[in-house]
Amino acid sequence: MSIAILVYHRIVAGKAERFHDVTQADFLAQLQQLRSMGLAGQGLVPRLQDGRGVMFSFDDGTEGHAWAAEQLAMMGWRGLFLVSPQHVDGPGRLTAAQVQQMVAAGHVIGAHGHSHRTFDKLSIADLVAEIHAARDALAALCGTAPIWFAPPGGIAVPELAPLLRQAGFRHCRGMRWGLAQEPLAGISDEMLPVLPVTARTGKTGLGLLLRLPAVALAAGYAAKQALRRLLGAGRAEAWRERLLRRTAGAVAAPTLPESADKPADLLFAILRHAASAGLPAAMRDGLERYPEMPGHDADLIVAPRPWRKWLRLIDAVAEPLGWRRLFTLRRGHLLIVILGQPDHTGATLQLDLHRAGSGGGVAFAAVAPLLARAERQHGLLWLRREDAAAFVAGEAARLDFATLLARLRRQPILVLRVLAWKLADALHSYCRPAGRCWSLSGPDGAGKTSLIAALLPLLERRLFLRVAPFHTRPFLLGLSKGGAGDGARPQNRQPGRLASLARLALALADYTLGYWLRLRPAMAGGALVLFDRHVPDYRADGAVRGIALPVALLALLDFAAPAPHGRAFLLAAAETLVARKGELDAAQAADLLRRYRALALAYDALVLESDQATPQDLAEQLALAMRRQMAAPPCA
């Protein structure tokens, strides 16, 4: 599992004056954002919901770090503070008393050189003296020798690693962008990578930073280093500071309400922030639809800007208010976003953002005239009733080839642009599907059918656009659920070896091809692919599915079938299974349950007990697990 080592420099009370400055207001907002993303646990490495660790590190020992340490401690978290002992008690720096208080509070103090001179300008003798002086001074100040080291400026020399090992240091953190892997590496030529937090990160950019995959971080760092070599270090630094000054006042933080318990509150906050940010957005439907909003969608006509701008705006409003983006689907002319609160299955808000028409009546229609004619009520833009009615009617009309050609002759640039949007978003959706795949396994009689029936209303248009149910496997070849090999075979007939091998080969091919031809397109369209039985059911009781083969052969299905995003096992007591189905005696039911429980442990799956809760309660538990997975940043 990876660890994101965040690197802060100055924490300032007022305005950020340097590129690496982070204001106290931004720092507090970032802590709250991490809390809303599920960051929990005590100590130096708290964990996100998906298991990834986050470490807070601070360079240079500036005076604002004492305040930052207090804020972390209030959250139950601790930080790594890298200090240059020669600067302690200096102007704008930590005092010796503050460093000792931080140690007493459980924070970790590391060395950042002794005098903060960069190591590429020191002789070997001076480098040795610098390392040992930093170690000895911090040992005297803190009571224990430091084990963490970070070279000033992130600049290392070939001799650094062996010298640090000789001095007793265990970890060396650099400034290369990336994610560290557990267990944290010891001293080596490769320093631990980091995620730098700067003035441009702002209040909400940290969530985006944590979502970046490792390959994107590596590419960004390579581009940065290439720019420094091209411009020179001095020019690159000056360019970076000018960029900060240019953008510092350009992006205004949203003015948010104290809370947004109702979807309507969140919707109106997003619209007000869009207006203040210069991104026109008008409500398609009348005000009477929105006072309560139990969870239906809101249709917006929006300015044709890149989707990333709209997503950043939505996140900037939603995340500080405790809402998270659970679902995002791009369709060229249309962006569908579902927002919710990760920790309960309450109300959701679905936003449909239209930046062009799509139906036969409004095929590739520009939205600028609609926005220009929109009326302002209660500080928000609303489409005129006649415009809204015409847009809805046009969306419902069928788009045929003749209509497309006619629109292409009249507005070729607009049509080509929308077509390019659709193509790009179709490729994006297939490569990174908005939907998910979950499987529900368990013995017959556990109550899977009742659970799925209770689950559907909690998911459709509240977490996914729709639910695409599958039984056991994709059935790409069109075999019906009642065919051989799906659980319909009588329990007292043992399938033959050749028939079992044939069914296994069919299942292997079906899982492999069916994923790309049926499951992946469904997920790309925003569906939850929900399997009622899956590979674990073959492994638990292959004979009832027409395959009587050794367990080692059945395990091949795990290699053929792409792993679902989540697995759940629904189990019940042996006497319950016997009473509901009557196909097994008590001993057989107990043995079957033992196999299922062992598989659930091996797959690290969510286990639900149908004897201990109603189908509705079990559906709430499963929907909550899915919601938390959708709210968590993807693991890099």
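This text goes with the structure placed above it.
The rules behind the values
- Residues numbered from 1 in each chain as written.
- Predicted model: local features only at pLDDT ≥ 70, side-chain atom pairs only at ≥ 80, totals over all residues.
- Heavy atoms only, no water.
- Helix = DSSP H or I, 4+ residues; strand = E, 2+ residues; numbered from the N terminus.
- Buried < 20%, exposed > 50% of the residue type's maximum accessible area, 1.4 Å probe, protein only.
- Contact = heavy atoms within 4.5 Å.
- Areas by Shrake-Rupley, 256 points an atom, 1.4 Å probe, with all protein chains shown as cover.
- Salt bridge = Lys/Arg side-chain N within 4 Å of Asp/Glu carboxyl O.
- Expected span 1.5 Å × (residues − 1).
- Pairing = 2+ DSSP bridges.
- Axes fitted to C-alpha atoms, helices over the stretch in contact; angles between N-to-C directions.
- Patch = residues over 30% accessible without salt bridge, like charges linked within 9 Å, V, L, I, M, F, W, Y side chains within 5 Å.
- Lys, Arg positive; Asp, Glu negative; His and termini not counted.
- Charge placed at Lys NZ, Arg CZ, Asp CG, Glu CD.
- Phe/Tyr/Trp six-rings, centres within 6.5 Å; stacked < 30°, edge-to-face > 60°.
- Lys NZ or Arg CZ within 6 Å of the ring centre and 35° of its normal.
- Arc of directions from axis to C-beta.

1. Section: the overall build of the protein chain
Counting secondary structure elements, the protein chain contains 22 helices and 22 strands. Every one of the 636 residues in the protein chain was classed for burial, and the buried ones make up 51%. In the protein chain, the share of contacts with a sequence separation of at least 24, taken over all contacts with a separation of at least 6, comes to 71%. Looking at the protein chain as shown, the accessible area adds up to about 28300 Å², and 57% of this sits on carbon and sulfur atoms.

2. Considering the pattern of salt bridges
A complete count under the given rule lists 18 salt bridges for this structure. With its nearest N and O atoms 2.8 Å apart, the salt bridge here joins arginine 594 to aspartate 591. Here the residue arginine 594 and the residue aspartate 591 both occupy positions in helix H21 (residues 586-603), the gap between them amounting to three residues, near one helical turn. On the basis of relative accessibility, which here comes to 31%, the residue aspartate 591 falls in the partly exposed class. If you follow the salt bridges from partner to partner, you end up with Arg211, Glu319 and Arg324 in one network.

3. Some points on the environment of phenylalanine 470
On the secondary structure map, phenylalanine 470 appears in strand E19 (residues 466-471). Its relative accessible area of 10% is what places phenylalanine 470 among the buried residues. For the pair phenylalanine 470 and arginine 533, spaced 63 residues apart in sequence, the C-alpha to C-alpha distance is 8.4 Å. With residues near it in sequence (within four places) discarded, phenylalanine 470 still touches Arg518, Leu519, Val529, Leu530, Phe531 and Asp532.

4. Let's talk about helix H10 (residues 307-318)
The end-to-end C-alpha distance of H10, which contains twelve residues, comes to 16 Å, matching closely the 16 Å that a straight helix rising 1.5 Å per residue would cover. Among the twelve residues of H10, nine are classified as buried, and the element is accordingly described as predominantly covered. Among the residues of H10, Trp307, Trp310, Leu311, Leu313, Ile314, Asp315, Ala316, Val317 and Ala318 are the ones counted as buried.

5. Focus: the sheet that holds E19
Pairing in this open sheet of five strands is parallel, and the strands run E19-E20-E18-E21-E22 from one edge to the other. Edge strands, defined here as strands with exactly one partner in the open sheet, are E19 and strand E22 (606-609). When the angles between neighbouring strand axes are averaged without regard to direction, this sheet yields 20 degrees. Of the strand pairs in this sheet, strand E18 (residues 436-441) and strand E20 (residues 527-532) are connected by five bridges, and their pairing is parallel. Residue serine 439 lies in a different strand from E20, and its bridge partner there is phenylalanine 531.

6. As for a positive patch on the surface
A cluster of like positive charges, contributed by Arg200, Arg305, Arg308, Lys309 and Arg312, occupies part of the molecular surface. Relative to the helices and strands, lysine 309 resides in helix H10.

7. A short note on the pairing of E18
With six of six residues buried, E18 lies mostly within the body of the structure. What you see with E18 is no split at all: Arg436, Trp438 and Leu440 on one side and Cys437, Ser439 and Ser441 on the other are buried throughout. In the sheet, E18 pairs with strand E21 (residues 566-571) via four bridges, with the strands oriented parallel. If you follow tryptophan 438 over to E21, its bridge partner there is glycine 566.

8. Some details on the packing of aromatic side chains
Applying the stated rule across the entire model yields 14 aromatic pairs. Between tyrosine 515 and tryptophan 516, the aromatic rings sit 4.9 Å apart at their centres with planes inclined by 85 degrees, giving edge-to-face as the arrangement. On the basis of relative accessibility, which here comes to 44%, the residue tryptophan 516 falls in the partly exposed class. Sitting above the plane of the phenylalanine 475 ring, arginine 473 keeps its charged end 4.4 Å from the centroid.

9. Re a nonpolar patch on the surface
A contiguous nonpolar surface patch, about 440 Å² in accessible area, is contributed by Phe401, Leu405, Leu408, Leu416 and Leu419. Mapped onto the nonpolar patch, the elements with two or more residues apiece are helix H13 (401-410) and helix H14 (412-431). Top contributing element to the nonpolar patch by residue count: H13, with three residues. Note that leucine 405 resides in helix H13.

10. Focus on the environment of alanine 199
For alanine 199, the position within the fold is in the loop between strand E10 (192-196) and helix H6 (205-211). With a relative accessible area of 16%, alanine 199 lands in the buried category. Alanine 199 sits 188 residues away from isoleucine 11 along the chain, and the two C-alpha atoms are 9.9 Å apart.

11. As for the sheet that holds strand E16 (residues 375-377)
With respect to topology, seven strands assemble into an open sheet ordered E13-E14-E15-E12-E11-E17-E16, the strand pairing being mixed. Edge strands, defined here as strands with exactly one partner in the open sheet, are strand E13 (324-330) and E16. Within this sheet the neighbouring strands show an average axis-to-axis angle of 35 degrees, counted without direction. As defined by bridge partners, strand E12 (residues 297-302) adjoins strand E15 (residues 349-354) across five bridges and the pair is classed as parallel. Opposite alanine 298, over in E15, you have leucine 351 as the bridge partner. Sitting on the sheet, helix H22 (residues 615-631) touches E13 and strand E14 (334-340), and the angle it makes with E13 is about 75 degrees.

12. Some words on the side chain of histidine 65
Mapped onto the elements of the fold, histidine 65 is located in helix H2 (residues 64-75). Setting aside residues up to four positions removed in sequence, histidine 65 forms contacts with His9, Arg10, Ile11, Phe58, Asp59, Phe81, Leu94 and Met102.

13. A look at H14
Taking 1.5 Å of rise per residue, the 20 residues of H14 would be expected to cover 28 Å, and the 29 Å separating its terminal C-alpha atoms lies within 8% of that figure. Burial in H14 covers these residues: Leu414, Val415, Val418, Trp421, Asp425 and Ser429. Viewed end-on, H14 has its buried residues packed into an arc of 120 degrees, placing them on one side of the element. Exposed residues lying more than 90 degrees from the buried face of H14 are Ile413, Leu416, Leu423, Leu427 and Cys431. On its buried face, H14 sits against H10, E13, H13 and helix H16 (497-524).

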